[in-house]
Amino acid sequence: MTTTAHLLLEPLDIAQTLGCGQTFRWRPLPDGSWQGPLMDQLVTLSQRGPKLLIEAVPGGPTVRRLVSDHLRAQDDILAIQLDLIARDPVIARGIRELRGLRIVKLDEWECLLSFTLATYANIPRIAKMIETLATRFGKRINDGIFAFPTLTRMKTASRSELLRCGLGYRAKYVHAMCKRLSVADIERLKLLPYEELRTELRDLPGVGDKVADCVALFGFGKLESFPIDVWMERSLRRLYGQVGSYRKLSAFARDRFGKYAGYAQEYLYYNERAHAPNGACLFSEQ
DNA sequence: GCCCAGGAGTGTG
DNA sequence: CACACTCATGGG
């Protein structure tokens, strides 16, 4: 069976939001809609003017809420953008084309594992690693579609098994992380403010400054977090003349962009990739 | 073949 | 604190 629902969400650009590397499991379909697994649902999203059409298999009464939470429907995007524009004329120009780009909210565990895999790999490869893990360890939703593997299931995976999933040197980090972490730990982390959360995430094997900030932002919804990868280093150098350590760049961003630094980061990230040759298309094939 | 990737861990100055 | 080096591997 299938559940169909609608969601009014403005502004929203579904392609910018789901295709910009915040999340790795949504795929564009030929008709312009996007499809991906959300918890135990296979969801298809189609933009119809101001309305978002939701189709989900197997479906259920909570699907609409699932999508609403994932797209952070509670965010006042206009207020956030006005705040950033008032703070920084440089980013103001970059926002104009990105009014519908929203930060997403991922499941905490899915986000932690996904961005641990994302170290020193390009986005198509990250997506493939996640699909391989989901196929091997995730609960089946539909033909060829598997839910993201739970922590409980991942704790049973051996190092060699993970290595055979194409994780490379990340296999030992993932293995150590799964061994260390409990479901209760993640529940406890949900209660922490940004700085404390960041410190605890950094303590996990395979989690450094950048991954901790990505997980804080996309997994735990800490909008003040400002992850800095190679693309952001380029952006901060190109637009603001800023160079230096993670700590230094992070301090600059926090001071410059304030409590919505996470949104600022996403606008800068998108612009930097679009600015680079061959950088705009994160899904180059199919 | 070559280059690089939403970096982290470890050792050294 | 700052660098330098290694770590496995596949997509472009």
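Above this text sits the structure in question.
What you are looking at is a predicted structure, and each value in this text was computed from that prediction instead of being measured. (Residues numbered from 1 in each chain as written. Chains lettered and ligands numbered in written order. Predicted model: local features only at pLDDT ≥ 70, side-chain atom pairs only at ≥ 80, totals over all residues. Heavy atoms only, no water.)

**Student:** Which residues make up helix α15 (residues 261-275), and what values do they have?
**Tutor:** Since the α-helix packs 3.6 residues into each turn, any two residues three or four apart lie on the same face. With 15 residues, α15 ought to run about 21 Å at 1.5 Å a step, and its terminal C-alpha atoms sit 21 Å apart, in line with that. Most of α15 is tucked away, with eleven of its 15 residues classed as buried. Among all positions in α15, only Ala261, Gly262, Tyr263, Ala264, Gln265, Glu266, Tyr267, Leu268, Tyr269, Glu272 and Arg273 are buried. If you follow the buried residues of α15, they end up packed against α3 (77-87), α4 (89-95), α6 (123-137), α12 (209-219), α13 (230-240) and α14 (246-257). (Helix = DSSP H or I, 4+ residues; strand = E, 2+ residues; numbered from the N terminus. Expected span 1.5 Å × (residues − 1). Buried < 20%, exposed > 50% of the residue type's maximum accessible area, 1.4 Å probe, protein only. Contact = heavy atoms within 4.5 Å.)

**Student:** Give me the sheet that holds strand β2 (residues 27-28): which residues, what numbers.
**Tutor:** One open sheet holds the five strands; their spatial order is β1-β5-β4-β3-β2, and the pairing between them is antiparallel. Pairing within the sheet leaves two strands with one partner each, and these edge strands are β1 (3-8) and β2. Pairing of β1 with strand β5 (residues 51-57) involves six bridges; the strand directions are antiparallel. Pairing of Leu7 across the sheet is with Leu52, part of β5. (Pairing = 2+ DSSP bridges.)

**Student:** Residues and numbers for the packing of α13 against α14, please.
**Tutor:** Here α13 crosses α14 at 60 degrees, and the two axes come no closer than 12 Å. The angle between α13 and α14 places the two elements in the oblique class. Every pair of crossing elements has a handedness; the one defined by α13 and α14 is left-handed. Counting all contacts with α13, which are made through Glu233, Leu236 and Tyr240, the residues of α14 involved are Leu249, Phe252, Arg256 and Phe257. Among the residues forming the contact of α13 with α14, the class breakdown is five nonpolar, no polar and two charged. (Axes fitted to C-alpha atoms, helices over the stretch in contact; angles between N-to-C directions. Parallel < 35°, antiparallel > 145°, perpendicular 65-115°, else oblique. Left-handed = near helix turned anticlockwise from the far one by under 90°. Nonpolar A, V, L, I, M, F, W, Y, C, P; charged D, E, K, R; others polar.)

**Student:** Please provide a residue-by-residue account of the nonpolar core, values included.
**Tutor:** With 90 residues, the main nonpolar core has Leu84, Trp109, Phe115 and Phe257 as its most contacted residues. Broken down by element, the residue count for this core peaks at seven residues, all from α12. (Core = buried A, V, L, I, M, F, W, Y, C linked by side-chain atoms within 4.5 Å.)

**Student:** Account for the protein's contact with DNA strand B, with residues named and values stated.
**Tutor:** By nearness alone, 30 residues border DNA strand B, and Ala121, Asn122, Ile123, Arg234 and Gln265 come closest of all. The share of sugar and phosphate among atoms of DNA strand B within 4 Å of the protein is 60%. Between DNA strand B and Gly21, the relevant distance is 2.7 Å, taken from a base nitrogen to a main-chain nitrogen or oxygen of the residue. Contact distances for DNA strand B include 2.2 Å between a phosphate oxygen and a backbone N or O atom of Ile123. Where the surface near DNA strand B is concerned, the elements lending two or more residues are α12, α13 and α15. Partitioning the surface near DNA strand B into residue classes produces 17 nonpolar, seven polar and six charged. (Near = heavy atom within 4 Å. Polar contact = N/O pair within 3.5 Å; in protein donor to acceptor, adjacent residues only side chain to side chain.)

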